[in-house]
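What the coordinates show
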Amino acid sequence: MRKIIPGLLLTFLIAICAKLVSSEIHVIGAISLAIIFGILVGNTIKLGDKYANGIKFSEKNLLTYAIVLMGFKLQLIELGEMGSTVFLVVLPTMFVTFCSAIMIGRFMGFSKSYSLLMGAGNAVCGSSAIAAVAPVTEANEEEIGVSIGIVNLLGTVGMFMLPLIAGILTLSSSQSSYLVGGVLQAIGQVVAAGFSISDKVGDTATLIKMLRVIMIGPIVMIITLFNKTTTSNITKRKFIPSYIIGFFVCSVIGSIFHGDHVILQYLKMLANILLTVAMAGVGMKISFRSLINHGPKALLFGLLVNLTQIIFVLIIILVFIQ
């Protein structure tokens, strides 16, 4: 414990600063800011070896705890009440987004692990999905940090652009809900964009987004099954990662006891805190040189994947949703 305390305290301090700043500017979330601040600290301050263990503990151990607790945010009952239409729109969109990320990533020369991270971030739920997928893709800290930064940047831009697109195309409330809930990466982005159109769009888009969040578990299991890097060394890890089992258990508990707002509220808050601290640790492992070398090309990659996702959703909702 003594070895991890200095680095752990440092990542907590960065997370607190990120939370305070995000509460003032509102445009960018604490998770993204934690990565940015972590990068700044890691590249401008020469940290001694005494911080290394704590930083590693934050980015590895705390990350898995955060993923488990994220399950409490889900409300499975409310999703079931929406009917089959939401599945027929959201699941094909996620599939197309993942496939496009893999194909575009291969064409542009990115690693398989990075392509999977970008696919998960766009198809599922941004930073949280990238964090959940990372352990089973063998992605390094730089790939995790760059993918999270780009996905959050695109989501922030989309938060303003999608309501504008919905207005230009004169989409109905249902169509706007599927556009916002089926494309934007973070819950906060969906809420902001949806309610800027109308309360009805905000409520429905949030539920649609919840379905994508639920798919974190299945996505990780599918990647575990088909990722040769993971399955070739099956004796060194469980086939279904334990943190995904924990995620599902928490989602069921959260749905059953969704009326117990006090307990669930603290658990959700803890999940956000741990995820923010973990991202601070991830950010401190990223070098400016790596961002400069990979940033522009990676941004183009993310933009192409995001545009594919938007176009596919628009085609589906214009044809099948009234």
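Residues numbered from 1 in each chain as written. Predicted model: local features only at pLDDT ≥ 70, side-chain atom pairs only at ≥ 80, totals over all residues. Heavy atoms only, no water.

Structural notes on the overall build of the chain
- If you tally the helices and strands in the chain, you get 16 helices and zero strands.
- For the chain, the residues scored as buried account for 50% of the 322 residues in total.
- Taking as baseline every contact in the chain between residues at least 6 positions apart, the subset at least 24 positions apart corresponds to 81%.
- Summed over all atoms, the accessible surface of the chain reaches about 15100 Å², with 70% contributed by carbon and sulfur. (Helix = DSSP H or I, 4+ residues; strand = E, 2+ residues; numbered from the N terminus. Buried < 20%, exposed > 50% of the residue type's maximum accessible area, 1.4 Å probe, protein only. Contact = heavy atoms within 4.5 Å. Areas by Shrake-Rupley, 256 points an atom, 1.4 Å probe, with all protein chains shown as cover.)

Brief notes about the side chain of Glu 143
- Here Glu 143 shows up in helix α8 (residues 141-168).
- Within the structure, the side chain of Glu 143 is placed 2.6 Å from the side chain of Ser 111, a separation counted as a polar contact.
- There is a polar contact of 2.9 Å between the side chain of Glu 143 and the side chain of Ser 113.
- Ignoring sequence-local partners within four residues, the contact set of Glu 143 consists of Ser 111, Ser 113, Tyr 114 and Leu 117. (Polar contact = N/O pair within 3.5 Å; in protein donor to acceptor, adjacent residues only side chain to side chain.)

A look at α8
- The first and last C-alpha atoms of α8 sit 40 Å apart over 28 residues, in line with the 40 Å expected at 1.5 Å per residue.
- Along α8, the largest kink reaches about 35° and is centred on Gly 158.
- Taken from the residues just after α8, Thr 170 is the one with a positive phi, measuring 50°. (Expected span 1.5 Å × (residues − 1). Bend = angle between axes of the 7 residues up to and from the residue.)

A look at the packing of aromatic side chains
- Inspection of every chain in the model, using the stated rule, returns three aromatic pairs.
- Centre to centre, the rings of Phe 110 and Phe 301 are 5.0 Å apart; their planes meet at 20°, and the pair counts as stacked. With Phe 110 in the loop between α5 (85-108) and α6 (112-125) and Phe 301 in helix α16 (residues 288-320), this residue pair connects regions lying 191 residues apart in the sequence.
- Relative accessible area serves as the criterion here: at 14%, Phe 110 is assigned to the buried category.
- Assessed through its relative accessible area of 0%, Phe 301 is described here as buried.
- Looking at Lys 297, its charged tip hangs above the ring of Phe 110, at a distance of 5.2 Å from the centre. (Phe/Tyr/Trp six-rings, centres within 6.5 Å; stacked < 30°, edge-to-face > 60°. Lys NZ or Arg CZ within 6 Å of the ring centre and 35° of its normal.)

Topic: the packing of α8 against helix α9 (residues 173-183)
- Viewed as axis vectors pointing N to C, α8 and α9 meet at an angle of 155°, and their least axial separation amounts to 10 Å. Relative to α9, α8 is oriented roughly antiparallel. Like other packed secondary-structure pairs, α8 and α9 cross with a definite hand, here right-handed. Note on element contacts: α9 touches α8 through Ser 176, Leu 179, Val 180 and Val 183, opposite Leu 162, Ile 165 and Ala 166.
- Considered class by class, the residues forming the contact of α8 with α9 number six nonpolar, one polar and no charged. (Axes fitted to C-alpha atoms, helices over the stretch in contact; angles between N-to-C directions. Parallel < 35°, antiparallel > 145°, perpendicular 65-115°, else oblique. Left-handed = near helix turned anticlockwise from the far one by under 90°. Nonpolar A, V, L, I, M, F, W, Y, C, P; charged D, E, K, R; others polar.)

Quick notes on unusual backbone geometry
- The phi angle at Thr 170 is positive, at roughly 50°, despite the residue not being glycine.
- Positionally, Thr 170 belongs in the loop between α8 and α9.
- Residue class for Thr 170 comes out exposed when judged on its relative accessible area of 65%.

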